[in-house]
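The lines below spell out each chain.
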Amino acid sequence: MTLVRWDPFRELEEMSDRLNRMISRPAVPAKNGKEALTVADWTPTVDISETEGEYQIKAEIPEVKKEDVKVTLEDGVLTIQGERKQEKEEKEKKYHRVERSYGSFVRSFTLPDLVDEEKVKAEFKDGILNLHLPKSEKAKPKAIEVKVG
């Protein structure tokens, strides 16, 4: 019988590998025989804010062309989708590390009933998609004069 020294980190790594296989995340074989996890798709980060007159969604989508972004509004759900394409591999260029994510993305947001869907506007500049979602007239606060009589 051979004694093997217990390595808790090896055990955690094996458990992580099994979990990754269970949830079907794409993995690529590495040179040392272990699997190196790769991320195929990505999700742009967003800021959502509200003023008295509108909601605003700002999405960071750097290095994505305007024509590769699609914004749809259907049944009260706003969907932003697109694709960030990876540079073509150049024979003279040797990559040491690639950490940025590429591929398709989709973000969906359920809008409050207070949004005037007919007046939604989108602007795209410097890698930022800026969506303006005006509130409907019934959603805006109104001052009511109270008469004393």
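Keep in mind that what you see is a predicted model, and the values were worked out from it rather than measured.

Engineer: Account for the overall build of the protein chain, naming residues and giving values.
Structural biologist: When you go through the protein chain residue by residue, the secondary structure sums to 1 helix and 9 strands. Each helix and strand of the protein chain, ordered N terminal to C terminal, gives the series α-β-β-β-β-β-β-β-β-β. Relative to its 149 residues, the protein chain shows a buried fraction of 23%. Contacts in the protein chain between residues at least 24 apart in sequence constitute 50% of all its contacts with a sequence separation of at least 6. For the protein chain, the exposed surface amounts to about 12,500 Å²; the carbon and sulfur share of it is 50%.

Engineer: Describe in detail the sheet that holds strand β3 (residues 46–50), supporting the description with residues and values.
Structural biologist: The strand order β3-β4-β9-β8 describes an open sheet built from 4 strands, whose pairing is antiparallel. Two strands bound the open sheet, and with one partner strand each, they are β3 and β8 (121–125). For this sheet, the mean angle separating the axes of adjacent strands, direction not counted, is 15°. Strand direction decides the pairing type here: β8 and strand β9 (residues 128–134), joined by 5 bridges, are antiparallel. Across the sheet, F124 pairs through a bridge with L129, a residue of β9.

Engineer: Any details on a nonpolar patch on the surface? Residues and values, ideally.
Structural biologist: Residues F9, L12 and M15 make up a contiguous nonpolar surface patch of about 360 Å² in total accessible area. Along the chain, M15 turns up in helix α1 (residues 8–22). Judged by its relative accessible area of 46%, M15 is partly exposed.

Engineer: Which residues make up the packing of aromatic side chains, and what values go with them?
Structural biologist: Where two aromatic rings form a pair, the distance of their centres and the angle of their planes describe that pair. By the definition in use, this model includes 0 aromatic pairs. Just above the ring of Y102 sits the side chain of R84; from NZ or CZ to the centre is 5.7 Å. Directly above the aromatic system of Y55 lies the positively charged group of K135, at a separation of 5.1 Å from the ring centroid.

Engineer: Go over the nonpolar core with me, naming the residues and quoting the values.
Structural biologist: Membership of the largest hydrophobic core comes to 16 residues, with the highest contact counts inside it found for I61, I80 and L129. Put simply, the parts of the chain that give this core at least two residues each are β4 (54–60), β6 (77–84), β7 (103–110) and β9. Setting aside its immediate chain neighbours within four residues, I80 contacts A59, V69, K70, F105, V106, R107, F109, L129 and L131.

Engineer: Got a sec to walk through the confidence of the model for the protein chain? Specific residues and values, please.
Structural biologist: Residues of the protein chain with pLDDT of at least 70 account for 83%, and the chain-wide mean is 81. For the protein chain, the element scoring lowest by mean pLDDT is strand β1 (residues 27–29), at 47; β9 scores highest, at 96. For the stretch residues 24–28, pLDDT sits under 50, and the model shows 12 contacts to residues farther than four places along the chain or on other chains.

What counts and how
- Residues numbered from 1 in each chain as written.
- Predicted model: local features only at pLDDT ≥ 70, side-chain atom pairs only at ≥ 80, totals over all residues.
- Heavy atoms only, no water.
- Helix = DSSP H or I, 4+ residues; strand = E, 2+ residues; numbered from the N terminus.
- Buried < 20%, exposed > 50% of the residue type's maximum accessible area, 1.4 Å probe, protein only.
- Contact = heavy atoms within 4.5 Å.
- Areas by Shrake-Rupley, 256 points an atom, 1.4 Å probe, with all protein chains shown as cover.
- Pairing = 2+ DSSP bridges.
- Axes fitted to C-alpha atoms, helices over the stretch in contact; angles between N-to-C directions.
- Patch = residues over 30% accessible without salt bridge, like charges linked within 9 Å, V, L, I, M, F, W, Y side chains within 5 Å.
- Salt bridge = Lys/Arg side-chain N within 4 Å of Asp/Glu carboxyl O.
- Phe/Tyr/Trp six-rings, centres within 6.5 Å; stacked < 30°, edge-to-face > 60°.
- Lys NZ or Arg CZ within 6 Å of the ring centre and 35° of its normal.
- Core = buried A, V, L, I, M, F, W, Y, C linked by side-chain atoms within 4.5 Å.
- pLDDT = per-residue confidence, 0-100.

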